[in-house]
Amino acid sequence: MSTALATQNTGIKVHQQEERYFTEEQMKLLSDHIMKGASPIELQYFGEVCKRVGLDPFKKQIHAVQRWDSTAKRMVWSYQTGIDGYVAIAHRNGLCAGIEDIQFLPADESTPNPTKATCTVWKNVGGQRVPFTASARWLEYVQCTKDGVPNSMWRKMPYGQLGKCAKALALRMAFPEEIGGILTDVEMEQADSEAIRGDQVKGRPAPGFDLESKPFAAAEPEPVPVEKPSAPKAQAA
């Protein structure tokens, strides 16, 4: 019986079952290995997100991560991808007209870590090539350990990490409908880390870097004050 005929004879609307993005087998794989403990509704919602952005979780193009929501007072699912996922989405509709090389400060890259990275993404808008430029600053994105020093990845690839952040910002600015709502893994390090931010360590930049991008170095221990022995009091004659 068709939906229209059922409605005509009974007056009751019969809703056709919505087509799911994942098969039953894929739903089980997700539940067992990728989104352990997720409810069927959460799995279905993740499928809608994957369908919208066109990324495959089984190819590790998009990830579901649980994080604590202080407002809801419970763990919630959030979704993220790598910078390559952003680039793939941007090129899919043919509107991306190029991505320029990242520009750093200092321009000669003479310091161990940059203070700022800037990226420009070009997009075809109404037949014209339009630039979308965004910048990421070191002290706003660098991820530090609880000791206040950049973590291993940011020490190993400081220019690369900050450059990814700038590229993600520019791509999201140029393609808000296609990319909006999905952050990159390097940006989500801020949510994953309980570390003290570099500019919040005892009211000063973390040991190893400062606003002038000085080289990484171990912090010198603070001097321990030593009480000087007081002079003996003169005895009254």
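Residues numbered from 1 in each chain as written. Predicted model: local features only at pLDDT ≥ 70, side-chain atom pairs only at ≥ 80, totals over all residues. Heavy atoms only, no water.

Draft legend 1. Quick peek at the nonpolar core. Formed by 46 residues in total, the largest nonpolar core has its most connected members in Met35, Phe46, Ile62, Tyr79, Val121 and Trp154. The greatest single-element share of this core, amounting to nine residues, is contributed by helix H7 (residues 158-174). If near-sequence neighbours (up to four positions away) are discounted, Phe46 is found in contact with Phe22, Leu30, Met35, Pro57, Ile62, Ala64 and Tyr79. (Core = buried A, V, L, I, M, F, W, Y, C linked by side-chain atoms within 4.5 Å. Buried < 20%, exposed > 50% of the residue type's maximum accessible area, 1.4 Å probe, protein only. Helix = DSSP H or I, 4+ residues; strand = E, 2+ residues; numbered from the N terminus. Contact = heavy atoms within 4.5 Å.)

Draft legend 2. Fine view of the packing of aromatic side chains. All told, the structure shown has six aromatic pairs when counted by the stated rule. Centroid distance Phe22 to Phe46: 6.2 Å. Interplanar angle 35 degrees. Geometry classified as tilted. Here the residue Phe22 occupies a position in the loop between helix H1 (3-10) and helix H2 (24-34), and Phe46 occupies one in helix H3 (residues 40-53), the gap between them amounting to 24 residues. Look at Phe46 and you get buried, because its relative accessible area is 0%. Ring geometry for Phe46 and Tyr79: centres 5.1 Å apart, planes at 20 degrees, overall stacked. Within this pair, whereas Phe46 is found in helix H3, its partner Tyr79 is found in strand E2 (residues 74-81), the two being separated by 33 residues in sequence. Note on accessibility: Phe46 and Tyr79 belong to one class, buried. (Phe/Tyr/Trp six-rings, centres within 6.5 Å; stacked < 30°, edge-to-face > 60°.)

Draft legend 3. Looking closely at the sheet that holds E2. If you walk across this open sheet you meet the three strands as E1-E2-E7, and the pairing is mixed. Both edges of this open sheet fall to strand E1 (62-69) and strand E7 (183-184), since each of them pairs with a single strand only. Across eight bridges, E1 lies against E2 in antiparallel orientation. The partner of Val65 across the bridge, within E2, is Ser78. (Pairing = 2+ DSSP bridges.)

Draft legend 4. The environment of Asp101, seen in detail. Structurally, Asp101 is set in the loop between strand E3 (96-99) and strand E4 (103-105). Classification of Asp101 as exposed rests on a relative accessible area of 65%. When the C-alpha atoms of Asp101 and Thr120 are compared, they prove to be 7.9 Å apart, with 19 residues separating the residues in sequence.

Draft legend 5. Geometry of the packing of H2 against H3. Across the interface, H2 lies against H3 with an axial gap of 11 Å and an inter-helix angle of 110 degrees. By the angle between their directions, the pair H2 and H3 is classed as roughly perpendicular. Here Met27, Leu30 and Ser31 of H2 lie close against H3, whose contacting residues are Pro40, Leu43 and Phe46. Split by residue class, the contact of H2 with H3 holds five nonpolar, one polar and no charged. (Axes fitted to C-alpha atoms, helices over the stretch in contact; angles between N-to-C directions. Parallel < 35°, antiparallel > 145°, perpendicular 65-115°, else oblique. Nonpolar A, V, L, I, M, F, W, Y, C, P; charged D, E, K, R; others polar.)

Draft legend 6. Seen up close, the pattern of salt bridges. Enumeration according to the criterion identifies one salt bridge in this entry. The closest approach of N and O atoms between Lys28 and Asp32, which form a salt bridge, is 3.1 Å. Of this pair, Lys28 and Asp32 both sit in helix H2, four residues apart, roughly one helical turn. Taking relative accessible area as the criterion, Asp32 reaches 34% and is therefore assigned partly exposed. (Salt bridge = Lys/Arg side-chain N within 4 Å of Asp/Glu carboxyl O.)

Limitation: the analysis is restricted to geometry and does not speak to function.
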